[in-house]
Amino acid sequence: MTMARDVAQLAGLLADTTRAAFCLAMLDGRAWTATELAAHAGVAASTASEHLNRLVAGGLLVERRQGRHRYVQLANSQAADLLEAFIGHLGPSREQPRGLRAVGASAALARGRTCYDHLAGRIGVAIADGMTEAGLLEQTGGFAMTEAGVSWLTGTLGIPAADLTGARRPLARACLDWTERRSHLAGTAGAHLLRSFLAKGWIKRIGTGRAVRLTEPGTEALQDLLAIDATARGLL
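Residues numbered from 1 in each chain as written. Predicted model: local features only at pLDDT ≥ 70, side-chain atom pairs only at ≥ 80, totals over all residues. Heavy atoms only, no water.

Student: Explain the packing of aromatic side chains residue by residue, including any values.
Tutor: Summed over all chains, the structure comprises 1 aromatic pair. Ring centres of phenylalanine 197 and tryptophan 202 lie 5.0 Å apart, and the angle between their planes is 80 degrees; this geometry places the pair in the edge-to-face category. Residue phenylalanine 197 is classed as buried on the basis of its relative accessible area, which comes to 3%. (Phe/Tyr/Trp six-rings, centres within 6.5 Å; stacked < 30°, edge-to-face > 60°. Buried < 20%, exposed > 50% of the residue type's maximum accessible area, 1.4 Å probe, protein only.)

Written out as structure tokens, the structure is:
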């Protein structure tokens with residue numbers, strides 16, 4: 001019964017709209033203040049503090065303090081994976097966005113976004129497909145980087161080889177994309193690919209949320225490196 005109790009307690013952490021909203025917001029990979037989260041969820045600061053204390057105590061979030069400010073973020077990639085699995089299980093939302101701003105934001109997220117520390121949306125899925133067609137990624141029975149794929153990451157993208165080894169998480173992992181209903185690349189390789197694309201200016205964040213967009217150099221890089229036609233794939 002101990003395992004059953006632990007599962008129930010973990011599920012109970014997300015069995016509240018406010019706490020779920022906090023965790024979903026932090027899928028952008030950033031650290032948030034309690035004030036920012038309270039405004040995001042439309043609750044009082046005292047209410048936000050109570051919920052955050054529960055999430056930290058339950059191990060879904062971690063906190064750090066800088067001066068008078070308290071920052072919280074998802075505890076690790078496993079917490080992000082858990083949230084994405086919940087979203088993937090639910091499937092597409094039945095509630096359609098209303099208003100031009102909401103429709104635009106929804107379209108931007110579907111086109112490209114961060115999924116904690118890796119790329120998702122049509123951009124993420126297109127990159128996984130391009131890597132597979134180029135022989136860099138194997139998708140049979142799950143995701144696995146090929147020898148050529150590791151060389152591509154360390155050579156073409158310039159990711160230090162040491163950064164790809166020794167991590168407690170897998171090098172490559174399939175993450176079900178809740179908008180595309182197909183998998184994008186997660187794991188250590190996915191995380192470093194996102195960092196590389198951001199550092200090279202191939203993608204840029206849109207505002208302060210999870211949405212990202214391809215830049216002109218990024219569009220050219222996808223075509224040159226992975227033969228991905230960004231226009232044809234609806235990535236722009």
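Student: Residues and numbers for the packing of helix H2 (residues 17-25) against helix H4 (residues 45-57), please.
Tutor: Between H2 and H4, the least distance of the axes is 10 Å, while the angle of their chain directions is 70 degrees. Relative to H4, the element H2 is oriented roughly perpendicular. The chirality of how H2 crosses H4 is right-handed. Taking contact as the criterion, the partners of Thr18, Arg19, Phe22 and Cys23 in H2 are, on H4, Ala48, His51, Leu52, Arg54 and Leu55. Within the contact of H2 with H4, the residues separate by chemical class into 5 nonpolar, 2 polar and 2 charged. (Axes fitted to C-alpha atoms, helices over the stretch in contact; angles between N-to-C directions. Helix = DSSP H or I, 4+ residues; strand = E, 2+ residues; numbered from the N terminus. Parallel < 35°, antiparallel > 145°, perpendicular 65-115°, else oblique. Left-handed = near helix turned anticlockwise from the far one by under 90°. Contact = heavy atoms within 4.5 Å. Nonpolar A, V, L, I, M, F, W, Y, C, P; charged D, E, K, R; others polar.)

Student: So what's going on with empty space enclosed by the protein? Residues and values would help.
Tutor: A full pass over the atoms with the stated rule returns 1 cavity of 30 Å³ or more. Counted as a void, the largest cavity has a volume near 60 Å³. If you go around the largest cavity, the residues you meet are His118, Leu119, Gly124, Ile127, Met131, His184, Leu185, Gly190 and Leu193. Within the residue set of the lining of the largest cavity, elements represented by two or more residues are strand E5 (118-120), helix H7 (121-133), strand E9 (183-186) and helix H9 (187-199). The element best represented in the lining of the largest cavity is H7, accounting for 3 residues. Classifying every residue of the lining of the largest cavity by side-chain character gives 5 nonpolar, 4 polar and no charged. (1 Å grid on protein atoms, 1.4 Å probe; cavity = no way out; pocket = protein on both sides within 12 Å on 5 of 7 lines; lining within 4 Å. Points joined across faces, edges and corners; volume = space filled by probe spheres on them.)

Student: Help me get a handle on the pairing of E9, residues and values and all.
Tutor: Sheet topology note: the strand E8 (residues 173-176)/E9 ladder contains 4 bridges and is antiparallel. Bridging from a neighbouring strand, cysteine 175 pairs with histidine 184 of E9. Between E8 and E9, which pair antiparallel one after the other, the connecting turn spans 6 residues, and arginine 181 there sits at a positive phi close to 60 degrees. (Pairing = 2+ DSSP bridges.)

Student: Hey, could you go over the nonpolar core for me, with residue numbers and the actual values?
Tutor: Buried together is how nonpolar side chains tend to be arranged in soluble globular proteins. By size, the foremost hydrophobic cluster in this structure holds 31 residues, and its most contacted members are Ile127, Met131 and Phe197. Those elements giving two or more residues to this core turn out to be H7, helix H8 (147-156), H9, strand E11 (212-214) and helix H10 (216-226). Ranked by residues supplied to this core, first place goes to H7 with 5 residues. Ignoring anything within four residues of it in the chain, the contact list for phenylalanine 197 reads Leu119, Ile127, Leu157, Trp202, Ile203 and Leu222. If you look at the next biggest cluster of nonpolar residues, it comprises 23 residues, including Ala48, Leu60, Val72 and Leu83. (Core = buried A, V, L, I, M, F, W, Y, C linked by side-chain atoms within 4.5 Å.)

Student: Explain the pattern of salt bridges to me, using residue names and the numbers behind them.
Tutor: Note that side chains of opposite charge can pair when their charged atoms are close. All chains considered together, the criterion is met by 9 salt bridges. Taking the shortest distance from any N to any O, the salt bridge between arginine 210 and glutamate 84 comes out at 3.2 Å. Here the residue arginine 210 occupies a position in the loop between strand E10 (203-205) and E11, and glutamate 84 occupies one in helix H5 (residues 77-90), the gap between them amounting to 126 residues. Residue arginine 210 shares its accessibility class with glutamate 84, and that shared class is buried. Arginine 182 serves as the salt-bridge partner of aspartate 129, at 2.8 Å between the closest nitrogen and oxygen. Residue aspartate 129 is located in helix H7, and its partner arginine 182 is located in the loop between E8 and E9; the two are separated by 53 residues in the primary sequence. Owing to a relative accessible area of 38%, arginine 182 belongs among the partly exposed residues under this scheme. Because the salt bridges share partners, they merge into one network encompassing Asp129, Arg182 and Arg233. (Salt bridge = Lys/Arg side-chain N within 4 Å of Asp/Glu carboxyl O.)

Student: Which residues make up the sheet that holds strand E3 (residues 69-74), and what values do they have?
Tutor: Strand order in the open sheet made by the 3 strands is E1-E3-E2, with antiparallel pairing throughout. Whereas interior strands pair on both sides, the edge strands pair on one side only; in this sheet they are strand E1 (32-33) and strand E2 (61-66). Where E2 meets E3, 6 bridges bridge the pair, whose relative direction is antiparallel. Looking at E3, one finds that glutamine 66 is bridged to histidine 69.

Student: Pulling in residues and values, what's your account of the packing of H2 against helix H3 (residues 34-41)?
Tutor: The geometry of H2 relative to H3 is characterised by a closest axis approach of 10 Å and an angle of 115 degrees between their N-to-C directions. The hand of the H2/H3 crossing is right-handed. Between H2, through Thr18, Ala21, Phe22 and Ala25, and H3, the contact on the second element is made entirely by Leu37, Ala38, His40 and Ala41. Across the contact of H2 with H3, the residue classes break down as 6 nonpolar, 2 polar and no charged.

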